[in-house]
Amino acid sequence: AGGCGRRRRLGRDAMSTLVADADPAAVQSVTTAGIRVVAPRWVGVSLPIGRKLFSGGKLPQGEVDVTIGRGLLLLGSFEDARGADAGVHRRIALPSYQWWIHQLESGRLPGVAASDKVCPDTVLVGRFHYHEQSIAAQPPLEIVFEDEHFVVVNKPAGVDVLANPDAGRVANSLTGLLAEHFCAGGGGAASPLPPLPKPAHRLDAPVSGLVCCGRTSADVRRLQRHIAARRVEKRYLARVRCVGGRAAFPPLPLTIDAPLAFDSGRCLGAVVGKGEGKEATTVVEECWGWVASGGGGGRKGGGGDETAVVVLRIVTGRKHQIRCHLQHAGLPIANDTRYGGAEVHAPPSAFGLPVPPPALARLLRAGFVAGCEACAFARDLLA
């Protein structure tokens, strides 16, 4: 089940892996100008270089003996080529292969030399100055239900459910906010902290709503069995744009039964033909009303543009299912630009402000580390 100080392995698909994070109770953050910023901190990272080389098919044909220095160069060139072919340039918060090469050349990996041979089980371990991605300021976490087995929490919009260290969201994820909430009381030998709740299902980052969590792994599995057996109903509210206006709004209830495929490289889902993807079913049950251009209106309200509030029920739980299905039905979510919605202004950014707030500047300057690229970038912006 684990407590606040437990080591955890995250980001299994990243170049590097976060193997140990700071005690959630000790994570420093500041909320200012509408954003929540977590202070940079030292974390442990690892790179399973042996598994990536020997199991990933990245060694040139016939090359068996490879050194750590050569292996890092091979992995770095392979990753660069794959990114160029895909045309994708993502912000990676965990250390790159170039970082590992620099650590090796600088002698910051004790007991490791560039000339050492790589075995299938070789793992490099280092210390990395970790910067989190900022999120919109959040009110105190709302716990809707809690007992000795389960916790139900109201997830804010714009927050990932699970920690995503590759993208820079650990303390600023729902699991991080839960850890901060439940570790706020401290704990100790006399009053040990309870196991941290773990989400049993996900919601997309832009979506707000209830997330059911289990206190222990057994509790999580129990919830997941109920979800898999479809003994749990999930309903959502969505503000949608009707492409053809009110006159083209389909009769309800509307069942959208269309298979879905998901492209992880582009992070985009799509409706595909029968037999080509995973079965997916969404039911649009009712329309609560049309929303006025100025943001007014509401349940059973009238007047407005081509935007309506609808009630949805999902039978399956595919990634981006509601977003894909609503676009397929001609009812894209109003502000979801990836799936046919209209563009809206993004929430305020820490570094998009003309003058960074003093509290933010103090937080980042206090955690400045020489040689850290992210720290240097923040310093230049603050200047």
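Computed from a predicted structure; not experimentally measured.

The next subject is helix H7 (residues 358-366). For H7, every residue scored as buried is listed here: Leu 360, Ala 361, Leu 363 and Leu 364. The arc that holds the buried residues of H7, viewed along the axis, is 165°, so those residues lie on one side. Across H7 from its buried face, at more than 90 degrees, point the exposed residues Pro 358, Arg 362, Arg 365 and Ala 366.

Before going further, it helps to examine the sheet that holds strand S2 (residues 29-32). Note on sheets: strands pair through backbone hydrogen bonds, and any given pair is parallel or antiparallel. Ordered by their spatial adjacency, three strands build an open sheet running S2-S3-S6, and the pairing between neighbours is antiparallel. The sheet terminates laterally at S2 and strand S6 (135-136), the two strands that pair on one side only. In terms of strand pairing, strand S3 (residues 35-38) meets S6 through two bridges, oriented antiparallel. Bridged to Ile 35 within S6 is Ala 136.

Turning our attention to the packing of aromatic side chains. Scanning all chains against the criterion turns up three aromatic pairs. Both rings, one in Trp 99 and one in Phe 128, keep their centres 5.2 Å apart while their planes meet at 90°; by these two values the pair is edge-to-face. Taken together, the residues Trp 99 in helix H3 (residues 97-105) and Phe 128 in strand S5 (residues 124-130) connect sequence positions 29 residues apart. For the pair formed by Trp 99 and Phe 128, the shared burial category is buried. For the ring pair Phe 249 and Trp 290, a centre distance of 5.6 Å and an interplane angle of 65° mean the geometry is edge-to-face. A residue pair is termed long-range when its members are at least 10 positions apart, and Phe 249 in the loop between strand S11 (234-241) and strand S12 (254-257) and Trp 290 in strand S15 (residues 281-290) qualify at 41 residues. What makes Phe 249 buried here is its relative accessible area of 17%. A network of ring pairs unites the aromatic residues Trp 99, Trp 100 and Phe 128 as a single cluster. Arg 127 extends its terminal NZ or CZ atom over the ring of Trp 42, reaching a point 4.1 Å from the ring centre.

Looking at the chain as a whole, its pLDDT mean stands at 79, while 77% of the residues score no less than 70. Confidence drops under a pLDDT of 50 for residues 84-90, and excluding neighbours within four residues, the segment shows three contacts in the predicted structure. Ignoring residues within four places in sequence, the model shows residues 295-304, a span with pLDDT below 50, making 22 contacts including any to other chains.

Let us now look at the sheet that holds S12. Across the sheet, four strands lie side by side as S11-S16-S15-S12; this open sheet has antiparallel pairing. Strands at the two margins of the open sheet, each flanked by one partner only, are S11 and S12. Adjacent strand axes in the sheet meet at a mean angle of 30° when their direction is disregarded. In terms of strand pairing, S15 meets strand S16 (residues 307-314) through seven bridges, oriented antiparallel. Note that in S16 the partner of Gly 289 across the bridge is Val 309. Running over the sheet, helix H6 (residues 321-328) touches S11, S12, S15 and S16 and is turned about 70° from S15.

Attention now moves to the nonpolar core. One recurring pattern in soluble globular proteins is that nonpolar side chains are buried together. Formed by 32 residues in total, the largest nonpolar core has its most connected members in Leu 174, Leu 312 and Leu 326. Counting residues per element, this core draws most heavily on helix H4 (residues 174-183), at six residues. Once you skip the residues sitting within four places of it in the chain, Leu 326 turns out to touch Ala 238, Val 240, Val 284, Leu 312, Leu 331, Pro 332 and Ile 333. The next biggest cluster of nonpolar side chains, apart from the first, holds 25 residues, and it includes Leu 53, Leu 74, Leu 75 and Tyr 97.

We now examine the pairing of strand S14 (residues 268-271). Summarising the sheet, strand S13 (residues 260-263) and S14 pair through four bridges and their orientation is antiparallel. Bridge pairing in S14 links Leu 260 to Val 271. Taking the residues that link successive antiparallel strands as the turn, the S13-S14 hairpin has four residues, and the phi of Cys 267 there is positive, at about 55°.

The next thing to look at is helix H5 (residues 217-228). Here H5 contains twelve residues, and its C-alpha end-to-end distance of 16 Å stays within 8% of the 16 Å for a straight helix at 1.5 Å per residue. Looking only at H5, the buried set comprises Asp 219, Val 220 and Leu 223. Each buried residue of H5 lies within a common arc of 100° when the element is viewed along its axis, so the set occupies one face. Across H5 from its buried face, at more than 90 degrees, point the exposed residues Arg 225 and Ala 228. Where the residues of H5 are buried, they touch strand S8 (150-155), strand S9 (198-199) and strand S10 (209-214).

A cluster of nonpolar residues, Val 144, Phe 145 and Leu 210, forms a patch on the protein surface that exposes about 280 Å² of accessible area. Within the fold, Val 144 resides in strand S7 (residues 142-146). Judged by relative accessible area, which is 45%, Val 144 ranks as partly exposed.

Here a disulfide denotes a covalent bond joining the sulfur atom of one cysteine to the sulfur atom of another. Enumeration over the complete set of coordinates arrives at zero disulfides. Free of any disulfide, Cys 242 has its nearest cysteine sulfur in Cys 287, 9.5 Å distant. A residue is classified by how much of its surface remains accessible, and Cys 242, at 2% relative accessible area, is buried. Cys 375 provides the cysteine sulfur closest to Cys 372, a residue in no disulfide bond, and the two sulfurs are 3.7 Å apart.

Each value, and the rule that gives it
Residues numbered from 1 in each chain as written. Predicted model: local features only at pLDDT ≥ 70, side-chain atom pairs only at ≥ 80, totals over all residues. Heavy atoms only, no water. Buried < 20%, exposed > 50% of the residue type's maximum accessible area, 1.4 Å probe, protein only. Helix = DSSP H or I, 4+ residues; strand = E, 2+ residues; numbered from the N terminus. Arc of directions from axis to C-beta. Pairing = 2+ DSSP bridges. Phe/Tyr/Trp six-rings, centres within 6.5 Å; stacked < 30°, edge-to-face > 60°. Lys NZ or Arg CZ within 6 Å of the ring centre and 35° of its normal. pLDDT = per-residue confidence, 0-100. Contact = heavy atoms within 4.5 Å. Axes fitted to C-alpha atoms, helices over the stretch in contact; angles between N-to-C directions. Core = buried A, V, L, I, M, F, W, Y, C linked by side-chain atoms within 4.5 Å. Expected span 1.5 Å × (residues − 1). Patch = residues over 30% accessible without salt bridge, like charges linked within 9 Å, V, L, I, M, F, W, Y side chains within 5 Å. Areas by Shrake-Rupley, 256 points an atom, 1.4 Å probe, with all protein chains shown as cover. Salt bridge = Lys/Arg side-chain N within 4 Å of Asp/Glu carboxyl O. Disulfide = S-S within 2.5 Å.

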